[in-house]
Amino acid sequence: MRVPLIAGNWKMYKDVNESVEFVTTLKNIFKDVPEDKVEIAVCPPFTNLKVVNDVIKGTNIKLGAQNLYPKQEGAFTGEISPLMLRALGVHYVIIGHSERRQYFNETNEFINEKVKVALNYGLFPILCVGEKLKEREEGKTFDVVKDHITGGLKDIPKDKIIYITIAYEPVWAIGTGKNATPEQAEEVHKYIRSLIKDMYDENIAQKVRIQYGGSVKPENVKSLMSMENIDGALVGGASLKVDSFEKIVKFYE
Ligand code: 13P
């Protein structure tokens, strides 16, 4: 029922030429991936969105951005608006990534504003949530995740929530090579679905996709994806190489 979404978050990697070369290869190797099996997205840096879109337009690979500023336009030096993203063919936008929370002090309130603005401009948010190692060790995982979910989704109406993908990314698993076990991830995904049920209803909770992110690799993708409440992956490091990203996207084979 929920088609999994595998998205590559390139973070601050790949220049214009590398991006074009990379997606040109991806376009060919993914051309037979059935859209009812898996949805594919790539999220390059802002500077490469246009050239990447020129290559993947009309294919089964969707374009995502890694951030936005929640204003249509204005004197906000260095920022990028949702309207600008739309004009470049952007479909998804990652919001509230832990690196934004950590290095750029993004709060739940600001993240919530971004989610609302993204939706208003027809973009599909990927809202990232997840606990730090210390919080997990202190038994605060559910509290942190609840705070991120209720804060990030505050005042999002019932008819809009289904356009949002949640990405559960435990911070201790990001870029560390230490992924959550499928059981650890499933426990939190199930909890997130129960929160959405409480905030909305069962029907909506069953429709919302919840991706896992944090050291997803060809070796662990199948077992993660076999879990009932894991609906795809947000992939960092392993999405930067053709071989590993191909294996992750084709996890169902
Ligand atoms: P890694 O896959 O490199 O751990 O990164 C995960 C991530 O942050 C995706 O948004």
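Look a little higher up for the structure.
Reading the values: rules and limits
Residues numbered from 1 in each chain as written. Predicted model: local features only at pLDDT ≥ 70, side-chain atom pairs only at ≥ 80, totals over all residues. Heavy atoms only, no water. Phe/Tyr/Trp six-rings, centres within 6.5 Å; stacked < 30°, edge-to-face > 60°. Helix = DSSP H or I, 4+ residues; strand = E, 2+ residues; numbered from the N terminus. Buried < 20%, exposed > 50% of the residue type's maximum accessible area, 1.4 Å probe, protein only. Core = buried A, V, L, I, M, F, W, Y, C linked by side-chain atoms within 4.5 Å. Contact = heavy atoms within 4.5 Å. Pairing = 2+ DSSP bridges. Axes fitted to C-alpha atoms, helices over the stretch in contact; angles between N-to-C directions. 1 Å grid on protein atoms, 1.4 Å probe; cavity = no way out; pocket = protein on both sides within 12 Å on 5 of 7 lines; lining within 4 Å. Points joined across faces, edges and corners; volume = space filled by probe spheres on them. Nonpolar A, V, L, I, M, F, W, Y, C, P; charged D, E, K, R; others polar. Polar contact = N/O pair within 3.5 Å; in protein donor to acceptor, adjacent residues only side chain to side chain. Near = heavy atom within 4 Å. Areas by Shrake-Rupley, 256 points an atom, 1.4 Å probe, with all protein chains shown as cover. Sits in = over half its atoms within 2 Å of the grid points. Parallel < 35°, antiparallel > 145°, perpendicular 65-115°, else oblique. Left-handed = near helix turned anticlockwise from the far one by under 90°.

Caption draft 1: Expanded view of the packing of aromatic side chains. Going through the model one piece at a time under the given rule, you end up with nine aromatic pairs. Between Phe 30 and Phe 245, the aromatic rings sit 5.9 Å apart at their centres with planes inclined by 70°, giving edge-to-face as the arrangement. Placement of Phe 30 in the loop between helix 1 (16-29) and strand 2 (39-43) and of Phe 245 in helix 12 (residues 242-249) is noted, with a sequence separation of 215 residues between them. For Phe 30, a relative accessible area of 0% puts it in the buried group.

Caption draft 2: Summary view of the nonpolar core. Of all hydrophobic cores here, the largest spans 66 residues; its most connected members are Ile 6, Val 42, Leu 153, Ile 164, Ile 166, Ile 192 and Tyr 212. The element contributing the most residues to this core is helix 9 (residues 182-199), with six residues. Residue contacts for Tyr 212: discarding those within four places in its chain leaves Tyr 168, Pro 170, Ala 173, Asn 179, Ala 180, Ala 185, His 189, Leu 224, Ile 230, Gly 232, Ala 233 and Leu 234. In terms of nonpolar packing, the next biggest core, distinct from the first, is built from 10 residues, Ala 41, Tyr 92, Ile 94 and Ala 167 among them.

Caption draft 3: Local environment of the sheet that holds strand 2. What the eight strands build is a closed barrel, ordered 1-2-3-4-5-6-7-8; its pairing is parallel. Strand after strand, the sheet turns through a mean of 25° between neighbouring axes, direction not considered. Judged from the two bridges that link them, strand 3 (residues 61-65) and strand 4 (residues 92-95) form a sheet pairing that is parallel. Note that in strand 4 the partner of Gly 64 across the bridge is Tyr 92.

Caption draft 4: Looking closely at the layout of surface pockets. Approximately 420 Å³ is the volume attributed to the largest pocket. Lining the largest pocket are 13 residues; nearest its centre among them are Lys 11, Met 12, Gln 66, Arg 100 and Phe 104. The dominant element in the lining of the largest pocket, judged by the number of residues it contributes, is helix 4 (residues 98-103), at three residues. Split into classes, the residues belonging to the lining of the largest pocket amount to six nonpolar, four polar and three charged.

Caption draft 5: Expanded view of the side chain of Ser 244. Inspection of the secondary structure puts Ser 244 in helix 12. With relative accessibility at 15%, the residue Ser 244 sits in the buried group. One polar contact links the side chain of Ser 244 to the main-chain carbonyl oxygen of Lys 241, over a distance of 3.4 Å. If we skip the residues at most four places from it in the chain, Ser 244 touches Pro 218 and Ala 238.

Caption draft 6: Examining the site of the ligand more closely. The immediate surroundings of the ligand are formed by Asn 9, Lys 11, His 97, Glu 169, Ala 173, Ile 174, Gly 175, Gly 214, Ser 215, Leu 234, Gly 236 and Gly 237. Between the ligand and the protein, one listed contact pairs an oxygen atom with a backbone N or O atom of Gly 175 at 2.6 Å. Contact between the ligand and Gly 236: an oxygen atom at 2.9 Å from a main-chain N or O atom of the residue. Bound to the protein, the ligand loses 95% of the 310 Å² it would expose on its own. If you map the ligand onto the pockets, it falls in the second largest pocket. Taken together, the residues of the shell around the ligand break down into three nonpolar, seven polar and two charged.

Caption draft 7: Region of interest: the packing of helix 7 (residues 141-152) against helix 9. Across the interface, helix 7 lies against helix 9 with an axial gap of 10 Å and an inter-helix angle of 45°. By the angle between their axes, helix 7 is oblique relative to helix 9. For helix 7 against helix 9, the interelement crossing comes out right-handed. Residues Thr 141, Phe 142, Val 145, Lys 146, Ile 149 and Thr 150 of helix 7 pack against Glu 187, Val 188, Tyr 191, Ile 192, Leu 195 and Met 199 of helix 9. Its residues assigned to classes, the contact of helix 7 with helix 9 comprises eight nonpolar, two polar and two charged.

Caption draft 8: A look at the environment of Ala 41. Structurally, the position occupied by Ala 41 is in strand 2. For Ala 41, a relative accessible area of 0% translates into the label buried. For the pair formed by Ala 41 and Ser 239, sequence separation is 198 residues and the distance between their alpha carbons is 10 Å. Not counting chain neighbours up to four residues away, the residues in contact with Ala 41 comprise Leu 5, Ile 6, Ala 7, Gly 8, Ile 61, Lys 62, Tyr 92 and Phe 245.

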